[in-house]
Amino acid sequence: MVSAKDIIVKPITAQAANALVKRVHYSGKVVNNSTLHFGAYLNDKLEGVMSFGSPLDKRKVLPLVDGTQWNGMLELNRMAFSDRLPRNSESRCMAVAFRLIKKHYPHIEWVLSFSDGTQCGDGTIYRASGFVLTGIRKNGQIIKFPDGLIETRLVLTDSRRPRRIELAKKYGLILGGGTSLKPFIDFGAVLLDGYQLRYIYFLNPEAKKRLTVPILPFSKIDEMGAGMYKGKSIKRDTKATTSDQLVGGGAIPTITLHSSCAASKKTHEA
């Protein structure tokens, strides 16, 4: 029987990574900031991708861990796994990727990633893989149009992006000279309900001592009503949930790591 141990993880090209992300990631979009890509192979076929790179605004991110050098961290920009991979594939593949990063890029001390509860989940895989939870915030970035199209606030309010003009033409909107979201909202686009959760994995355990923001107990997710699965709000049994992240992986019971959202439609949850 095939298991996660049968998966081979190795570096791949951006072209190969982006092709799989476009095919299996729920957004269908790649992150141009990604510069380091690892592929997950099963029976010699590429079935999963983990893409790392710089955050969109590194100046805001570096202060999360005091003393971090400009090249001292990475963001897990995209993680896309097909549903052909066996249970627990994500956590094992991340562990292998992290070992490779530590070996070949020892200056990188930590990895940042976000879980998009608005469209997918609240980070079950991250909690099971040793990440710490450092932030939970209400979604204010994901916008859905009446026809089902999903875009981000940044795309719709950045006048330098051709995509903004393209969408205005598509829907027959007059944007004027500003960068307001209002024309799209007036048209019928809405902010999706949900939360974004911020997770950090420390490749260098010593860097954890320099964390400048509190580590939140995983139970905080349910206390805030931020529990999400496939973009839908959920409520777990928090009576069995530890408030100490050092004890183990996430709320109990945790949702299976292998699911259509956590695997074949994997987020930035990455």
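Here, the structure is the one placed above.
So, here's what we can say about the structure. (Residues numbered from 1 in each chain as written. Predicted model: local features only at pLDDT ≥ 70, side-chain atom pairs only at ≥ 80, totals over all residues. Heavy atoms only, no water.)

### Focus on helix α1 (residues 14-24)
Next up, step 1: Of the residues making up α1, those classed as buried are Ala17, Leu20, Val21 and Val24. Taken end-on, α1 shows its buried residues confined to a sector of 105°, consistent with a single buried face. Opposite its buried face, α1 presents the exposed residues Gln15 and Lys22, each directed more than 90 degrees away. (Buried < 20%, exposed > 50% of the residue type's maximum accessible area, 1.4 Å probe, protein only. Helix = DSSP H or I, 4+ residues; strand = E, 2+ residues; numbered from the N terminus. Arc of directions from axis to C-beta.)

### Describing the environment of Arg127
Next up, step 1: Of note, Arg127 is situated in helix α4 (residues 124-128).
Next up, step 2: In this structure the C-alpha to C-alpha distance between Arg127 and Ile200, which are 73 residues apart in sequence, comes to 9.9 Å.
Next up, step 3: Engagement of the side chain of Arg127 in a polar contact is seen with the side chain of Tyr199, the distance being 3.0 Å. (Polar contact = N/O pair within 3.5 Å; in protein donor to acceptor, adjacent residues only side chain to side chain.)

### Structural notes on the pairing of strand β6 (residues 132-138)
Next up, step 1: Counting buried positions over the seven residues of β6 gives five, a clear majority of the element.
Next up, step 2: Both β6 and strand β10 (residues 195-202) contribute to a ladder of six bridges, which runs antiparallel. Considered in β10, the bridge of Leu133 is made with Tyr199. (Pairing = 2+ DSSP bridges.)

### Examining the sheet that holds strand β8 (residues 150-152)
Next up, step 1: Read across the open sheet, the three strands follow the order β8-β7-β9; overall the sheet is antiparallel. The open sheet has two edge strands, β8 and β9 (190-191), and neither has a second partner.
Next up, step 2: Examined bridge by bridge, strand β7 (residues 142-144) and β8 share three bridges and lie antiparallel to one another. Its bridge partner lying in β8, Ile143 is registered against Glu151.

### Focus: the nonpolar core
Next up, step 1: Met50, Phe52, Met94 and Ile101 are the most contacted members of the largest nonpolar core, which totals 34 residues.
Next up, step 2: Of all elements in the fold, only β2 (34-42), β3 (45-53), β4 (73-81), α3 (89-104), α4, β6 and β10 reach the threshold of two or more residues within this core.
Next up, step 3: Sort the elements by how many residues they give to this core and α3 lands first, with six residues.
Next up, step 4: If sequence neighbours within four positions are ignored, Ile101 has contacts with Leu36, Phe38, Phe52, Leu74, Pro106, Ile108 and Leu203. (Core = buried A, V, L, I, M, F, W, Y, C linked by side-chain atoms within 4.5 Å. Contact = heavy atoms within 4.5 Å.)

### Considerations on α3
Next up, step 1: Between the first and last C-alpha of α3 there are 23 Å, a value that for 16 residues agrees with the 22 Å anticipated at 1.5 Å per step.
Next up, step 2: Restricting attention to buried positions, one finds in α3 the residues Ser89, Glu90, Ser91, Cys93, Met94, Val96, Ala97, Phe98 and Ile101. (Expected span 1.5 Å × (residues − 1).)

### Remarks on empty space enclosed by the protein
Next up, step 1: Per the counting criterion, the structure on display carries two cavities of 30 Å³ or more.
Next up, step 2: Of the voids in this model, the second largest cavity is the one considered here, and its volume is about 30 Å³.
Next up, step 3: Residue composition of the lining of the second largest cavity, by class: three nonpolar, three polar and one charged. (1 Å grid on protein atoms, 1.4 Å probe; cavity = no way out; pocket = protein on both sides within 12 Å on 5 of 7 lines; lining within 4 Å. Points joined across faces, edges and corners; volume = space filled by probe spheres on them. Nonpolar A, V, L, I, M, F, W, Y, C, P; charged D, E, K, R; others polar.)

### Brief notes about the sheet that holds β6
Sheets are built from strands paired through backbone hydrogen bonds, the pairs being either parallel or antiparallel.
Next up, step 1: In spatial order, the strands read β1-β2-β3-β4-β5-β10-β6; together these seven strands make up an open sheet with mixed pairing. Strands at the two margins of the open sheet, each flanked by one partner only, are β1 (8-11) and β6. Here the strands of the sheet are splayed against their neighbours by 25° on average, with no regard to which way each runs.
Next up, step 2: As defined by bridge partners, strand β5 (residues 110-116) adjoins β10 across seven bridges and the pair is classed as antiparallel. Opposite Val111, over in β10, you have Tyr201 as the bridge partner. (Axes fitted to C-alpha atoms, helices over the stretch in contact; angles between N-to-C directions.)

### Examining the packing of aromatic side chains
Next up, step 1: Within this structure, the stated rule accounts for 11 aromatic pairs.
Next up, step 2: With a centroid separation of 5.4 Å and an interplanar angle of 55°, the aromatic rings of Phe131 and Tyr201 are classed as tilted. Note that Phe131 is positioned in the loop between α4 and β6 and Tyr201 in strand β10, a separation of 70 residues in sequence.
Next up, step 3: Arranged with centres 6.4 Å apart and planes meeting at 50°, the rings of Phe145 and Phe187 form a pair that is tilted. On the criterion of sequence distance, the pair formed by Phe145 in the loop between β7 and β8 and Phe187 in helix α7 (residues 182-187) is long-range, its members being 42 residues apart.
Next up, step 4: Aromatic ring contacts, followed pair by pair, group Phe38, Phe52, Phe98, Tyr126, Phe131, Tyr199 and Tyr201 into a single cluster.
Next up, step 5: A cation sits over an aromatic face here: Lys10 above Tyr41, 4.6 Å from the ring centre.
Next up, step 6: The side chain of Arg127 reaches across the aromatic face of Phe218, ending 5.9 Å from its centre. (Phe/Tyr/Trp six-rings, centres within 6.5 Å; stacked < 30°, edge-to-face > 60°. Lys NZ or Arg CZ within 6 Å of the ring centre and 35° of its normal.)

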